[in-house]
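Now for the letters of each chain:
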Amino acid sequence: MSGLLAAEGVKAYYSSSKGLVRAVDGVSVDIDPGDVLGIAGESGCGKSTLSNVLMMNIRPPLRFLEGKVLLDGKQDLAAMGREKVKTQAWGRVITLVPQSALNALVPTRKVGAFIKDVLRYHLKLNGREAWALAQKRFQELGLPVEALTKYPHQLSGGMRQRVVISVATLLNPKLLIVDEPTSALDVSTQKQVLKMLRHLRKEEIVGAVVSITHDIAILRQIATKIALMYGGKVVEVGPMEAILEGPLHPYAHSLIHSVVTPEPEVKDRGLSYIAGEPPDLLHPPEGCRFHPRCPHSLSICSREEPPLIGLGEDRFVACHLVPGRRPC
Amino acid sequence: MPSRSRSASMLKVSDLTEVYTAGFLQRESAVAVDGVNFAVQEGETVSLVGESGSGKTTTAHIILRLLPPTSGEVVFEGRDIWAFKTKKELKGYWRKVHGIFQDPYAAFNPIYKADRILYQVFNLVDRDVGDKRKLVREALEAVKLRPEEVLGRYSHQLSGGQRQRMMVARCYLLKPQMIVADEPVSMVDASGRAGILKLFLELRDLYGTAVIFITHDLGLAYYMSHRILVMHKGKIVEEGTPEKILSDPQHPYSRKLIADIPLIRRKWEDI
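Enquirer: Summarise the overall build of chain A; cite the residues concerned and give the values.
Expert: For chain A, the count of helices and strands is 12 helices and 12 strands. Relative to the 2.2 N^0.38 estimate, which gives 20 Å for 328 residues, the radius of gyration of chain A is 20 Å and therefore close to what a compact globule would have. For chain A, the spread of C-alpha atoms along the three principal axes comes to 65 × 50 × 40 Å. Within chain A, buried positions represent 50% of all 328 residues. Restricting to contacts in chain A with at least 6 residues of sequence separation, those with at least 24 account for 62%.

Given below as structure tokens:
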């Protein structure tokens, strides 16, 4: 495997007083240089946990049970452990912008002073050098340079989010992971953030992007590849257009059809949604985890867990109902 | 979309203005709502659409009588809502006009069980309603929640969608004449939004409830409304049916709002 980052059969559970929460349960994903991988699914299906696993940001109650996280096809981050990955890779190789990161700026420090701290720590730059670098990057990304002289509360939510992403990518990391970058923003600010992510890729400031979201319509705009997660597992992976035009897994189908956008196809179909709640990962259902909510479920679905099977052209799906499956 | 039965104007907002001021020595002011006029008829769904800071939420708060306007008036069923004198009149108003907010988590008191929010509705109703527990179960079923899954649990044990459905269940108990829904689905998963929007449509069909639906997403407003009002910088800049606004937007701001909606069938060209 020569990808930039690859998770192989990763299991990471939360321990709780009631037992183990199987948040990431045997997940494999590949990220190649140049990819913009969108990870989509409902809340509580393990997306954010997966982002922490890819970073090896494993802290109790989260526990890494098995699997590999390979960087450049050779270095196993899982074997290195959190502290080593943190000092050697965070910021320079992999960077994560977690959910609500727009609150990550220090309220009592101006944005510029905050960036100086970051650069002093990572690159040992002095104040003037750090300021010049920050200014250059802000200009490149189309952010107003005046934002550097402001306190976080003086910036709008969308601006704060863009500032945080630009700080996270100051060291030109190979991989940028963004967790729900637009969920608290209105449509117009959302578009600016997405434009910025595209720009970071186009200008090769970052090598690849993983974007986690519950809103599939956003992935249409930025992703090259999509992985759909349900109940701690990846149920379908493939090129973005192939998945959105012809989803194979019933969950993928329902998820795509539940998006409310003002388009004739959507209006003709009427409002549809997935009834019920995602499974409790303390006690996930036997067999396919989607079977209790699946409109096409067969008896085999409640007994046997469908493996993720390749269909060619980087397309993988885990469903008993998909015909023409062949072992990969 | 159901036709409107009557055309009497139920709520009328005239020349509504709200100016926020801040500072002690150097007073700064910001005009949040700037001379807004509109009317809502019985059974009608009117959407207020605009970006953050366009004055949508301030308008909602004034209509819900949570915030006094700087000037202008809100008339409900022929009476100025700021002229209510007694608590009884106010309670009567809140029984008829009910608010649902963006963050359902904030509406729950974490110390008490989540279903308390449903029983509290009975405080607004003066008459004897009979078996409250039965009514609560019926309301939960109406919003497609399984009573055994939510009754007796605390709000942090419920999902965002479940919490917001419980807020809608209050409307089934109260049967208000008008709901003011302020971004009711923006904190709900994209896949759960349609389900909650459907509940509002069902309420409207069942009880003829009027809805003022506030959102930043024209896409949602398109499905929900009889009429859309586009707000920008405190002013209503365009008004029309969803079809008209989507297919033939006049104001540059409406055009921008439409262009900014991420679509599932089409990729933005300018990204």
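Enquirer: Quick one: what's the story with the overall build of chain B, residue by residue and with numbers?
Expert: Across its full length, chain B carries 11 helices and 10 strands. Projected onto the principal axes, the alpha-carbon positions of chain B cover approximately 55 × 50 × 45 Å. Residues counted as buried form 46% of the 271 residues belonging to chain B.

Enquirer: Go over the nonpolar core with me, naming the residues and quoting the values.
Expert: Within soluble globular proteins, side chains that are nonpolar tend to cluster in buried spots. The biggest cluster of nonpolar side chains holds 180 residues, and the ones touching the most others in it are A:V69, A:L175, A:L228 and B:I212. Per element, the largest residue contribution to this core is eight residues, and it comes from helix α7 (residues 160–174) of chain B. If you count residues domain by domain, this core takes at least three from each of domain 1 (5–93 + 173–317) and domain 2 (105–172) of chain A. In this structure, B:I212 is in contact with B:V40, B:V46, B:L48, B:A60, B:I63, B:M178, B:V180 and B:A181, ignoring residues within four places of it in sequence.

Enquirer: For the domain arrangement of chain A, give the residues involved together with the corresponding values.
Expert: All names here are of chain A. Entries for chain A in the domain assignment read domain 1 (5–93 + 173–317) and domain 2 (105–172). For domain 1 and domain 2, the distance between their C-alpha centroids amounts to 29 Å. Contacts between the two partners involve 17 residues from domain 1, matched on the other side by 12 residues from domain 2. Of all elements in the fold, only β7 (175–179) and α7 (187–202) reach the threshold of two or more residues within the side of domain 1 that touches domain 2. A per-element tally of the side of domain 1 that touches domain 2 places α7 first, with six residues. Tallied by class, residues from the side of domain 1 that touches domain 2 come to 11 nonpolar, four polar and two charged.

Enquirer: Outline the sheet that holds strand β1 (residues 5–16) of chain A, supporting the account with residue identities and numerical values.
Expert: Residue and element names in this part refer to chain A. Spatially, four strands are ordered β2-β1-β4-β5 in an open sheet, and the strand pairing comes out antiparallel. Either end of the sheet is taken by a strand with one partner, and the two such strands are β2 (19–31) and β5 (75–76). Examined bridge by bridge, β1 and β2 share nine bridges and lie antiparallel to one another. Each residue of the ladder has a partner; that of S15, found in β2, is L20.

Enquirer: Break down α7(A) for me, citing the residues and quoting the values.
Expert: The end-to-end C-alpha distance of α7(A) is 22 Å, a good match for the 22 Å that 16 residues give at a rise of 1.5 Å each. What α7(A) keeps buried is the set A:V187, A:T189, A:Q190, A:K191, A:V193, A:L194, A:M196, A:L197 and A:L200. Buried residues in α7(A) make contact with α6 (157–168), β7, β8 (208–213) and α8 (216–222) of chain A together with α11 (252–259) of chain B. Immediately beyond the C-terminal end of α7(A), within one or two residues, lies A:E204, with a positive phi of roughly 60 degrees.

Enquirer: Please give an account of the sheet that holds strand β2 (residues 28–41) of chain B that cites residues and values.
Expert: Residues and elements named next belong to chain B. In space, the four strands of this open sheet follow the order β2-β1-β4-β5, with antiparallel pairing throughout. Two strands close off the open sheet at either side, each with one partner strand: β2 and β5 (79–80). Bridging between strand β1 (residues 9–22) and β2 involves 11 bridges; their strand directions are antiparallel. Residue T21 lies in a different strand from β2, and its bridge partner there is S29.

Enquirer: Describe the interface of chain A and chain B, listing the residues and the values that go with them.
Expert: Residue-level contacts link 34 residues of chain A with 33 residues of chain B. For the side of chain A that touches chain B, the per-class residue count stands at 15 nonpolar, nine polar and 10 charged.

Enquirer: So, the environment of B:V180: which residues are in play, and what are the values?
Expert: Residue and element names in this part refer to chain B. Relative to the assigned elements, V180 resides in strand β7 (residues 178–182). Overall, the presence of 25 C-beta atoms within 10 Å leaves V180 in the buried class. With 168 residues separating them in the primary sequence, V180 and K12 have C-alpha atoms 14 Å apart. Sequence-distant contacts of V180, that is, excluding residues within four places in its chain, are made with A60, I63, L64, V97, G99 and I212.

Enquirer: Please set out the pairing of β7(A) residue by residue, giving values where relevant.
Expert: Residues and elements named next belong to chain A. Among the five residues in β7, five count as buried, and that is most of the element. Burial along β7 is two-sided: the face carrying L175, I177 and D179 and the face carrying L176 and V178 are both buried. As paired strands, strand β6 (residues 94–97) and β7 are joined by four bridges and run parallel to one another. Each bridged residue has a counterpart across the sheet, and for L96 the counterpart in β7 is I177. Across five bridges, β7 lies against β8 in parallel orientation. Across the sheet, residue I177 finds its bridge partner in β8, namely V210. Between the parallel pair β7 and β8, the chain is carried across by α7, and the sense of this crossover is right-handed.

What counts and how
- Residues numbered from 1 in each chain as written.
- Chains lettered and ligands numbered in written order.
- Predicted model: local features only at pLDDT ≥ 70, side-chain atom pairs only at ≥ 80, totals over all residues.
- Helix = DSSP H or I, 4+ residues; strand = E, 2+ residues; numbered from the N terminus.
- Rg over C-alpha atoms; globule rule 2.2 N^0.38 Å.
- Buried ≥ 20, exposed ≤ 12 C-beta atoms within 10 Å, placed from the backbone.
- Contact = placed C-beta atoms within 7 Å.
- Core = buried A, V, L, I, M, F, W, Y, C linked by C-beta atoms within 7 Å.
- Domains from an automatic or database assignment.
- Nonpolar A, V, L, I, M, F, W, Y, C, P; charged D, E, K, R; others polar.
- Pairing = 2+ DSSP bridges.
- Expected span 1.5 Å × (residues − 1).
- Right-handed = clockwise from strand over helix to strand, strands pointing away.

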